[in-house]
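Structural overview for review
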Amino acid sequence: MSKNLELAKHLESLHAENLYNSDFYWTWDKTDEEIEAIFTVADALRDLRERNKSTRVFDSGLGISIFRDNSTRTRFSFASACNLLGLTVQDLDEKKSQIAHGETVRETANMVSFMADVIGIRDDMFIGEGHKYQKTFMDAVTEGHAEGILEQKPTLVNLQCDVDHPTQAMADMLHIIHEFGGVENLKGKKIAMTWAYSPSYGKPLSVPQGVIGLMTRFGMDVVLAHPEGYDVMPEVEEIAKKNAAASGGSYKKVATMEEAFQDADIVYPKSWAPFAAMEERTKLYQAGDEAGIKELEKRLLNQNAQHKDWTCSEEMMKLTKDGKALYLHCLPADITGLSCPEGEVENSVFDRYLVPLYKEASYKPYIIAAMILMAKVKDPAAALRAMEEGQARKKF
């Protein structure tokens with residue numbers, strides 16, 4: 001029996017039917033079995049593609065991508081996922097649309113969704129705004145479908161907002177599962193999600209929040225570390241605490257990178273901006289206060305510079321389990337001596353983990369494709385079986 005058929009059989013044992021016709025805003029509003037179903041389908045799709053099987057479940061249709069922030073990996077992962085399933089991708093460039101002329105979110109949502117099966121949105125720049133934009137957009141298409149404007153309601157895939165980065169966190173998690181030989185081997189494993197120095201300011205909180213909001217569901221010992229003042233959203237920390245209690249793992253905060261790295265099995269050193277500062281920045285942008293924005297940026301860069309010792313160095317890595325912890329990063333990293341004079345990680349450390357880092361990133365297209373398939377196909381296990389018997393992807 002092929003791996004795909006084994007995974008299809010396992011998928012049938014999971015209670016994941018509520019994913020059908022649903023949206024994916026963040027991981028913590030999905031059940032454990034729904035998360036497992038997405039991992040299962042992602043692995044099945046990867047197996048099929050590696051064996052040159054076609055995975056097209058759509059003969060036509062659009063995947064609309066809306067990136068309100070810059071992106072390389074997530075942008076191409078979304079395009080790859082849509083193409084994998086048979087959808088054509090159309091990117092909405094807001095500068096070339098009528099949005100610049102005052103077109104409302106409600107109008108834009110309906111006008112781009114006539115033949116769309118999925119909408120992927122990245123809006124991560126401003127606290128209180130990213131998730132709100134995604135919700136406003138999807139409320140509009142839901143209404144458009146109910147009123148008969150749209151023949152179907154496209155599903156949302158959150159490609160990063162101000163709260164969570166679910167496609168990244170789930171790609172990270174699937175990488176961890178494979179690196180450690182299965183979910184059953186993750187109980188008691190220590191993962192250190194730590195702040196790291198960056199010579200830039202304003203990096204979103206959604207990656208560390210996505211990590212602590214998801215990894216705590218697997219019985220792992222999750223440690224969050226950051227300098228004073230670099231707090232994440234308190235409501236996400238509450239989710240992490242509840243997840244850890246339910247899974248038999250643990251969640252705690254520590255004040256130093258050294259304590260977080262000590263005997264860690266996995267490390268994730270990543271810069272982010274303080275939650276309070278991100279709130280302040282949002283208000284300044286809303287007020288059009290350019291002088292205030294420049295002053296905030298200067299203040300935050302000076303604040304970052306006080307913590308240059310928060311870097312993933314060779315010495316820091318020696319503190320980890322047998323000195324061989326799995327190093328994770330969402331990329332691009334600020335690499336000391338390569339992309340910047342001083343940054344999140346030493347060049348020698350980053351270079352040593354280059355292959356596993358690229359493998360980590362390679363799971364994202366399959367995670368996104370699995371999210372789409374589970375939302376748009378009523379019997380996903382039957383679809384996977386049909387793919388097994390279907391045509392080859394490459395004809396010659």
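Our subject is the structure that appears above.
Residues numbered from 1 in each chain as written. Predicted model: local features only at pLDDT ≥ 70, side-chain atom pairs only at ≥ 80, totals over all residues. Heavy atoms only, no water.

**Brief notes about the overall build of the protein**
- When helices and strands are counted, the protein shows 16 helices and eleven strands.
- In terms of overall size, the protein behaves like a compact globule, its C-alpha atoms giving a radius of gyration of 21 Å where 396 residues would be expected to give roughly 21 Å.
- Judged by the C-alpha coordinates and their principal axes, the protein covers about 55 × 55 × 45 Å.
- Counting every position in the protein, which comprises 396 residues, the buried fraction comes to 57%.
- Long-range pairs, those at least 24 residues apart, make up 82% of the contacts in the protein between residues at least 6 apart in sequence.
- Each charge class in the protein was averaged separately, 46 positive and 61 negative side chains, and the resulting centres sit 3 Å apart. (Helix = DSSP H or I, 4+ residues; strand = E, 2+ residues; numbered from the N terminus. Rg over C-alpha atoms; globule rule 2.2 N^0.38 Å. Buried < 20%, exposed > 50% of the residue type's maximum accessible area, 1.4 Å probe, protein only. Contact = heavy atoms within 4.5 Å. Lys, Arg positive; Asp, Glu negative; His and termini not counted. Charge placed at Lys NZ, Arg CZ, Asp CG, Glu CD.)

**Remarks on the pattern of salt bridges**
- Summed over all chains, the structure comprises 21 salt bridges.
- E50 serves as the salt-bridge partner of R46, at 3.5 Å between the closest nitrogen and oxygen. Within this pair, R46 and its partner E50 are both found in helix α2 (residues 32-50), separated by four residues, close to a single helical turn.
- Linking R352 and E314 is a salt bridge whose minimum nitrogen-to-oxygen distance equals 2.9 Å. You can see R352 sitting in helix α13 (residues 347-352) and its partner E314 sitting in helix α12 (residues 314-317), a full 38 residues away along the chain.
- Accessibility expressed as a relative area gives 26% for E314, which makes it partly exposed.
- Ionic contacts of the salt-bridge type, sharing partners, join the residues D47, R51 and E388 into one network. (Salt bridge = Lys/Arg side-chain N within 4 Å of Asp/Glu carboxyl O.)

**What to know about the packing of helix α3 (residues 73-85) against helix α15 (residues 364-376)**
- The contact between α3 and α15 brings their axes to 8 Å, and the two run at 50°. Here α3 is positioned oblique relative to α15, judged by the angle of their axes. As α3 packs across α15, the resulting crossing turns out to be right-handed. From α3, T74, S77, F78, S80, A81, C82, L84 and L85 reach across to α15, where they touch K364, P365, Y366, I368, A369, I372 and L373. (Axes fitted to C-alpha atoms, helices over the stretch in contact; angles between N-to-C directions. Parallel < 35°, antiparallel > 145°, perpendicular 65-115°, else oblique. Left-handed = near helix turned anticlockwise from the far one by under 90°.)

**Remarks on the pairing of strand β4 (residues 155-161)**
- Among the seven residues in β4, seven count as buried, and that is most of the element.
- Relative to β4, strand β3 (residues 116-123) runs parallel, the two being bridged by five bridges. Counted as the bridge partner of V118 is T155 from β4.
- Taken together, β3, helix α5 (residues 130-146) and β4 form a β-α-β motif whose crossover is right-handed. (Pairing = 2+ DSSP bridges. Right-handed = clockwise from strand over helix to strand, strands pointing away.)

**Concerning the sheet that holds strand β8 (residues 266-269)**
- Strand order in the open sheet formed by five strands is β7-β6-β5-β8-β9, and the pairing between neighbours is parallel. Looking at strand neighbours, the two that pair on one side only are β7 (250-254) and β9 (326-327), the edges of this open sheet.
- Sitting on the sheet, helix α7 (residues 206-215) is in contact with β5 (190-194), β6 (221-225), β7 and β8, with an inclination near 160° to β5.

**Brief notes about the environment of K190**
- As for its position among the elements, K190 is in strand β5.
- Among the residues examined, K190 registers a relative accessible area of 16% and is labelled buried.
- Distance from K190 to I266, taken between C-alpha atoms, is 6.4 Å for residues 76 residues apart in sequence.
- With sequence-adjacent residues up to four places away left out, K190 is seen in contact with D221, V223, E259, A260, Q262, D263, A264, D265 and I266.
- Among the polar contacts listed, one links the side chain of K190 to the backbone oxygen of Q262, at a separation of 2.6 Å. (Polar contact = N/O pair within 3.5 Å; in protein donor to acceptor, adjacent residues only side chain to side chain.)

**Some remarks on the sheet that holds β4**
- Read across the open sheet, the four strands follow the order β2-β1-β3-β4; overall the sheet is parallel. Each of the sheet's edge strands pairs with one partner strand only, and the pair in question is β2 (88-91) and β4. Neighbour-to-neighbour, the strand axes of the sheet open up by a mean angle of 20°, direction not taken into account.
- Most of the contacts of α3 go to strand β1 (residues 62-67), to which it runs at about 175°, and overall it touches β1, β2, β3 and β4.
- Each of β3 and β4 is contacted by α15, which is oriented at about 150° to β4, the strand it contacts most.

**Looking at helix α1 (residues 3-12)**
- Along α1, the residues that are buried comprise N4, L7, A8 and L11. Burial along α1 is one-sided: seen end-on, the buried residues are contained in an arc of 105°.
- Among the structural elements, α2, α15 and α16 (380-389) are those in contact with the buried residues of α1. (Arc of directions from axis to C-beta.)

**Points about the packing of helix α6 (residues 166-179) against α15**
- Packing of α6 against α15 brings their axes to within 9 Å, and their N-to-C directions diverge by 115°. When you trace α6 past α15, the crossing you get is right-handed. Contacts between α6 and α15 involve P166, T167, Q168, M170, A171 and L174 from the former and K364, I367, I368 and M371 from the latter.
- Residues that form the contact of α6 with α15 fall into these classes: seven nonpolar, two polar and one charged. (Nonpolar A, V, L, I, M, F, W, Y, C, P; charged D, E, K, R; others polar.)

**Concerning a nonpolar patch on the surface**
- Together, M111, F114, M115 and I149 give the surface a local cluster of nonpolar side chains, amounting to about 420 Å² of exposed area.
- The residue M111 is located in helix α4 (residues 105-111) in this model.
- A relative accessible area of 43% means that M111 is categorised as partly exposed. (Patch = residues over 30% accessible without salt bridge, like charges linked within 9 Å, V, L, I, M, F, W, Y side chains within 5 Å. Areas by Shrake-Rupley, 256 points an atom, 1.4 Å probe, with all protein chains shown as cover.)

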